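Spelled out from the first residue to the last, the chains are:
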Amino acid sequence: MSSAPTETLPFSWYSEPATFRSEQERIFRRSWQYVGHAGELPRPGSFRATFAGDLPVVLVRDEAGALRAFVNVCRHRGSTICDGSGERSTLQCPYHAWTYGLDGQLLRAPRLTPVAGENLGLVPLRLETWGPLLFANPDPDAPPLSDTLGDVPERLAGAGIELESLRFLRRSESEVAANWKIVAENYLECYHCPVAHPGFSAVMDVSPEAYLLEAQATRLSQYCAPRPGSSSLYDATGTVQRAQFHLLFPGTIVNVYPGRQNLSIGPLLPRSPERTARFLDYFVGPDADDAWIADMLAFDDQVGVEDKALVERVQAGVRAGLPERGRLLPESEGLIAHFQALITRALG
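For clarity, every value in this text was computed on a predicted model and none was experimentally measured.

1. Observations regarding the sheet that holds strand β14 (residues 219-224)
- The antiparallel open sheet is built from 7 strands, whose spatial order is β12-β18-β17-β16-β15-β14-β13. Each having just a single partner strand, β12 (167-176) and β13 (212-216) make up the two edges of the open sheet. Strand-to-strand twist of the sheet, defined as the mean angle between neighbouring strand axes without regard to direction, takes the value 15°.
- Along the sheet face, helix α7 (residues 290-318) touches β12, β17 (262-272) and β18 (275-284) and points at about 15° away from the line of β12.

Put into structure tokens, the structure is as follows:
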């Protein structure tokens, strides 16, 4: 493989409002995105407000126990309807009390005279599951979730991750002053690890010959094994032999660390051209004791602190617009090149 550098996307694409709007319309409104897990909706009447990209979403479990997803926007004047989570028999807008059933249908609206044939129910979203994990898609004609997941379920199962046996541990929420693509691209390479993540690099073998990159359609993956007896930061020995880090395009991140059974998953949520929110849901298996969990979380949290500083520095640089583009090293940053090709294709 040639090691000659290739060009990146134009740096202006990381701060332009027009590009940001196009990405929401042409990428996030047409893609499967992780929105939560079934444990958040334990009983009929349970609801949770969340997002898919910049789109407000409400998840509900209806009276029959079926899981549903709707755009969390009232059909009257556009107010969001739900905040947080809880249990309700109906969904009522706090602005003018338009009230919807858990099936999304409009039940009542003060002073409204219904028009025959007019549907003023909540806008439904497609909702599919991977075990207890919930994914939503605003595009009614999109291919099934399985096309986006690819072989990731098999990869996790082959590593000893029994998805149905995992228990939810915590949700970690954060926000960074950087474009969502910068956050994704930072995630997609470990070229920066020896310099920027000394703790991670002490535990994991990040050498080019050992750190494996693999792209398949919309699944972009990295694999690495721990260094034998490398560090006391956390115990990387156990059922799971090596780390797996997957990005499901456009912005769902799936992480597995070596050691005990574990999984973290969450979406990138673009807030503006230069700001990105995210959350990660952490799950662990029955073989993970409290001490191991605490060490693993501290290890992961430290990587997150370091990454936040990195992506915000990149945003500050690309905002200047000079140079107009950067360069990618194909052997170390091949996943970024694949990611950027998906962006270019989607934006036309």
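2. Brief notes about the pairing of β17
- Burial analysis of β17 places 9 of its 11 residues in the buried class, the great majority of the element.
- As defined by bridge partners, strand β16 (residues 252-256) adjoins β17 across 4 bridges and the pair is classed as antiparallel. Bridge assignment links Thr252 to a residue of β17, and that residue is Pro267.
- As consecutive antiparallel partners, β16 and β17 are separated by 5 residues, and within that stretch Gly259 has a phi angle of approximately 120°, a positive value.
- Sheet topology places β17 next to β18; 8 bridges connect them, and they run antiparallel. What sits directly across from Leu263, in β18, is Phe283.
- The hairpin turn running from β17 into β18, its antiparallel successor, is 2 residues long.

3. With respect to the nonpolar core
- Counting residues in hydrophobic clusters, the biggest one holds 50 residues, and the most contacted among them are Phe200, Met204, Tyr234 and Phe339.
- If you list the elements that add at least two residues to this core, you get α4 (180-187), α6 (198-203), β14, β15 (243-248), β18, α7 and α8 (334-347).
- The element that contributes the greatest number of residues to this core is α7, accounting for 8 residues.
- Beyond its immediate stretch of four places on either side in the chain, Tyr234 contacts Val203, Met204, Tyr257, Pro258, Trp292, Asp295, Met296 and Phe299.
- Core analysis: the second largest hydrophobic core is formed by 23 residues, Ala142, Leu149, Val256 and Ile265 among them.

4. A look at the packing of aromatic side chains
- With the rule as written, the count across this model stands at 13 aromatic pairs.
- Between Tyr34 and Phe279 the ring centres are 6.1 Å apart and the planes differ by 50°, which places this aromatic pair in the tilted class. Residue Tyr34 is found in strand β2 (residues 33-37), and its partner Phe279 is found in strand β18; the two are separated by 245 residues along the sequence.
- Given the relative accessible area of 0%, Tyr34 is considered buried.
- Under the relative-accessibility criterion, Phe279 is labelled buried at 5%.
- Judged by centre distance (6.2 Å) and plane angle (45°), the rings of Phe200 and Phe245 are tilted. Of this pair, Phe200 sits in helix α6 while Phe245 sits in strand β15, and the two are 45 residues apart along the sequence. Taken individually, Phe200 and Phe245 each receive the classification buried, so the pair is uniform in this respect.
- The structure contains a cluster of three or more aromatic residues connected by ring pairs, namely Phe200, Tyr234, Phe245, Tyr257, Trp292 and Phe299.
- Its guanidinium or amino end placed over the ring of Phe47, Arg88 lies 4.7 Å from that ring's centre, counting from NZ or CZ.

Cut-offs and rules
Every chain is numbered independently, its residues counted from 1 as its sequence is written. In keeping with the predicted nature of the model, local features appear solely for residues at pLDDT of at least 70, side-chain atom pairs appear and are counted solely at 80 or more, and the whole-chain, interface and lining totals rest on all residues. The side-chain quantities take in all heavy atoms of the structure and omit both hydrogens and water. Paired strands, as defined in this entry, are two strands with at least two bridges between them according to DSSP. Secondary structure is summarised from DSSP: a helix means a run of H or I of at least four residues, a strand means a run of E of at least two, and numbering begins at the N terminus for each. Lines fitted to C-alpha atoms define the axes, with helix axes restricted to the stretch in contact, and inter-axis angles between N-to-C directions lie between 0 and 180 degrees. Whether two residues are in contact is decided by their heavy atoms, any of which lying within 4.5 Å being enough. Only protein chains enter the accessibility calculation, which uses a 1.4 Å probe; a residue whose area is less than 20% of its type maximum is buried, one above 50% is exposed, and one in between is partly exposed. We call a set of buried Ala, Val, Leu, Ile, Met, Phe, Trp, Tyr and Cys residues a nonpolar core when their side-chain atoms join them within 4.5 Å. Only centres within 6.5 Å qualify two rings of Phe, Tyr or Trp (six-membered ring in Trp) as a pair; their planes then separate them into stacked at under 30 degrees, edge-to-face at over 60, and tilted for everything else. Think of it as a cone above the ring: NZ of Lys or CZ of Arg counts as a charge over the ring if it is within 6 Å of the ring centre and within 35 degrees of the ring normal.

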